[in-house]
Amino acid sequence: MSREAVDHYNRGQRCSERGDNEGARSAWEAALSLSTDGAAATVLLNLGQLHGRCGRIELCKQYTRRSIAADPNEPLAHCNLGSALSNGGSHAEALACAAPQLPPLQPIPPPHQL
């Protein structure tokens, strides 16, 4: 990621931390336009989360899917997509998306006999 892209990304982080969603969106979009490597997945994930917090579920899903395409091994992106899908009413699709990222269930031991 170029120095300029990092500066935009960091500005987006600061804006997000103080609740300036529009400032964060603008800064992260600028960082994304300058990103040519794997860092784009992180920027896309942040944009997806931002749109989700603002109630823009369709945009959240779009950005999160792009993040997954850029880095399919990021579990948070899969879980965020599952959450967005669930919030949008697609519960079965949400579970299918998020379930592979969850730790396997451990068997419940039998109760102790007294």
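Please read all numbers here as calculations on a predicted model, not as lab measurements.

What counts, and where the lines are drawn
Residues numbered from 1 in each chain as written. Predicted model: local features only at pLDDT ≥ 70, side-chain atom pairs only at ≥ 80, totals over all residues. Heavy atoms only, no water. Phe/Tyr/Trp six-rings, centres within 6.5 Å; stacked < 30°, edge-to-face > 60°. Helix = DSSP H or I, 4+ residues; strand = E, 2+ residues; numbered from the N terminus. Buried < 20%, exposed > 50% of the residue type's maximum accessible area, 1.4 Å probe, protein only. Contact = heavy atoms within 4.5 Å. Polar contact = N/O pair within 3.5 Å; in protein donor to acceptor, adjacent residues only side chain to side chain. Expected span 1.5 Å × (residues − 1). pLDDT = per-residue confidence, 0-100.

## Regarding the packing of aromatic side chains
Line of reasoning, step 1. A complete count under the given rule lists one aromatic pair for this structure.
Line of reasoning, step 2. Relative to Trp28, the ring of Tyr9 lies with its centre 6.5 Å away and its plane at 35 degrees, an arrangement referred to as tilted. Placement of the pair is Tyr9 in helix α1 (residues 3-17) and Trp28 in helix α2 (residues 21-34), with a sequence separation of 19 residues.
Line of reasoning, step 3. A relative accessible area of 18% means that Tyr9 is categorised as buried.
Line of reasoning, step 4. A relative accessible area of 2% places Trp28 in the buried class.

## Brief notes about the environment of Ser35
Line of reasoning, step 1. On the secondary structure map, Ser35 appears in the loop between α2 and α3 (39-53).
Line of reasoning, step 2. Its relative accessible area of 12% is what places Ser35 among the buried residues.
Line of reasoning, step 3. Residues Ser35 and Glu4 lie 31 residues apart in sequence; the distance between their C-alpha atoms is 9.6 Å.
Line of reasoning, step 4. Leave out the neighbours within four places in its chain, and Ser35 touches Met1, Ala5, Ala40 and Val43.
Line of reasoning, step 5. In this structure the side chain of Ser35 is engaged in a polar contact, spanning 2.7 Å, whose partner is the backbone oxygen of Ala31.

## Focus on helix α5 (residues 75-87)
Line of reasoning, step 1. Given a rise of 1.5 Å per residue, 13 residues ought to cover 18 Å, and the 18 Å separating the end C-alpha atoms of α5 matches this to within 8%.
Line of reasoning, step 2. Near the N-terminus of α5, the side chain that reaches the backbone nitrogen of Leu76, with its oxygen 3.0 Å away, is that of Glu74.
Line of reasoning, step 3. Remark: Gly89 follows α5 within two positions and exhibits a positive phi of approximately 95 degrees.

## Remarks on the confidence of the model for the protein
Line of reasoning, step 1. Confidence along the protein averages 86 in pLDDT terms, with 88% of residues attaining 70 or more.
Line of reasoning, step 2. Looking at the elements of the protein, mean pLDDT is at its lowest for helix α6 (residues 91-98), recorded as 77, and at its highest for α2, recorded as 96.

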